[in-house]
Amino acid sequence: MKLMTLNIWGGHVRDPLLEFIKAQQDIDIFCLQEVYHHATNKISTEDRAVSLNIFSELHQLLPQHKAFFRPVVDSIYGIGILVKNSLDILGEGEIIIHHNPSYLGSGPTHSRNLQWLKCCHGKQHYAILNVHGLWNGMGKTDTLERIAQSQKIKLFIDHLNLPTVLCGDFNLRPDTESIKIIEEGMNNLIKLYNINSTRTELYIKEEKFADYIFTSTDITVHSFSVLSDVVSDHAPLVLDFV
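Parameters and conventions
Residues numbered from 1 in each chain as written. Predicted model: local features only at pLDDT ≥ 70, side-chain atom pairs only at ≥ 80, totals over all residues. Heavy atoms only, no water. Phe/Tyr/Trp six-rings, centres within 6.5 Å; stacked < 30°, edge-to-face > 60°. Helix = DSSP H or I, 4+ residues; strand = E, 2+ residues; numbered from the N terminus. Buried < 20%, exposed > 50% of the residue type's maximum accessible area, 1.4 Å probe, protein only. Pairing = 2+ DSSP bridges. Axes fitted to C-alpha atoms, helices over the stretch in contact; angles between N-to-C directions. Contact = heavy atoms within 4.5 Å. Salt bridge = Lys/Arg side-chain N within 4 Å of Asp/Glu carboxyl O.

(A) Broad picture of the packing of aromatic side chains. Per the stated rule, a full pass over the model turns up seven aromatic pairs. Relative to Phe241, the ring of Tyr126 lies with its centre 5.6 Å away and its plane at 90°, an arrangement referred to as edge-to-face. With Tyr126 in strand β7 (residues 124–132) and Phe241 in strand β12 (residues 237–241), the pair connects residues that are 115 residues apart, well separated along the chain. When sorted by exposure, Tyr126 lands in the same class as Phe241, which is buried.

(B) Geometry of the pairing of β12. The buried fraction of β12 amounts to five of the five residues, a majority that puts the element mostly inside the structure. Burial of β12 is two-sided: the residues Leu237, Leu239 and Phe241 facing one way and the residues Val238 and Asp240 facing the other way are all buried. Pairing of strand β1 (residues 2–7) with β12 involves four bridges; the strand directions are antiparallel. For Lys2, the partnering residue across the bridge sits in β12 and is Asp240.

(C) Representation of the sheet that holds strand β11 (residues 221–226) within the structure. Spatial strand order, β3-β4-β2-β1-β12-β11: six strands in an open sheet with mixed pairing. On the outer flanks of this sheet lie β3 (65–73) and β11, each paired with one strand and no other. Strand-to-strand twist across the sheet, computed as the mean angle between neighbouring axes with direction ignored, equals 15°. Here β1 runs beside strand β2 (residues 29–36); their pairing, made up of five bridges, is parallel. Of the residues in β2, the one forming a bridge with Thr5 is Cys31.

(D) Region of the structure containing the environment of Cys31. Take Cys31: it is sitting in strand β2. For Cys31, a relative accessible area of 0% translates into the label buried. As a C-alpha pair, Cys31 and Val226 span 195 residues in sequence and 14 Å in three-dimensional space. Cys31 has contacts with Leu3, Met4, Thr5, Leu6, Gly80, Ile81, Ile128, Asn130 and Cys167, leaving out every residue within four places of it along the chain.

(E) Expanded view of the environment of Ile179. Position of Ile179 among the secondary structure elements: in helix α4 (residues 177–183). Along the backbone, Ile179 and Glu19 are 160 residues apart, and their C-alpha atoms lie at a distance of 33 Å. Those residues in contact with Ile179 that lie beyond four places of it in its chain are Leu172, Arg173, Pro174, Asn188, Tyr212 and Phe214.

(F) Just the pattern of salt bridges, in detail. Following the criterion strictly, the structure yields 13 salt bridges and no others. Here Arg173 makes a salt bridge to Asp175, at a shortest N to O gap of 3.1 Å. Under the relative-accessibility criterion, Asp175 is labelled partly exposed at 47%. Members of the salt-bridge network, linked through shared partners, are Arg14, Asp15 and Glu57.

So this is what it looks like as structure tokens:
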């Protein structure tokens, strides 16, 4: 199977993103972050355009895929998975990995969820986990909230007892304790493949790590790559696995 994870930046680079996704019909599972769906307004405080219905637009380009959206701000913004109809879906849902009850509806300090999907390919069952990790204005270093977030992710994985792929934008440096917690019993492909950046030229800050794919030890990786396509300020990550 082939999986892609991509923070789509709210669809800010809309036309190149649509063209790119349309060309990726062979991808079985798309895990997307910073997704708007039937929104009437944006939550970003940055002066940049977004596409308020980008999830539906992307789904229309992939008629052979089912769409699962998990909002985290009202019902309009969150994370989503697109998965080929040829895969049997055994279940889909979410868990809350960070709760911010004082969030006022704009900016990036909102609560965070983990989207999970259980599917069957052939006779093999898999768990696919999609995450957009906490942003708290403190860079991509450890904080108590981020460590707690990683502990919740790790606990959830430990209870799955399935071959698992965990992916997304974690907003974390690779040398953090928060990443080390997730690495226990998992393979960090960013580290194993000596990746030195998961950002594109549109990202002008110094920190070049944010996105990761982790696989459980019972997953066989055929290939892993960070693509050079500039469709967001994040690069697409692609995994081919069984």
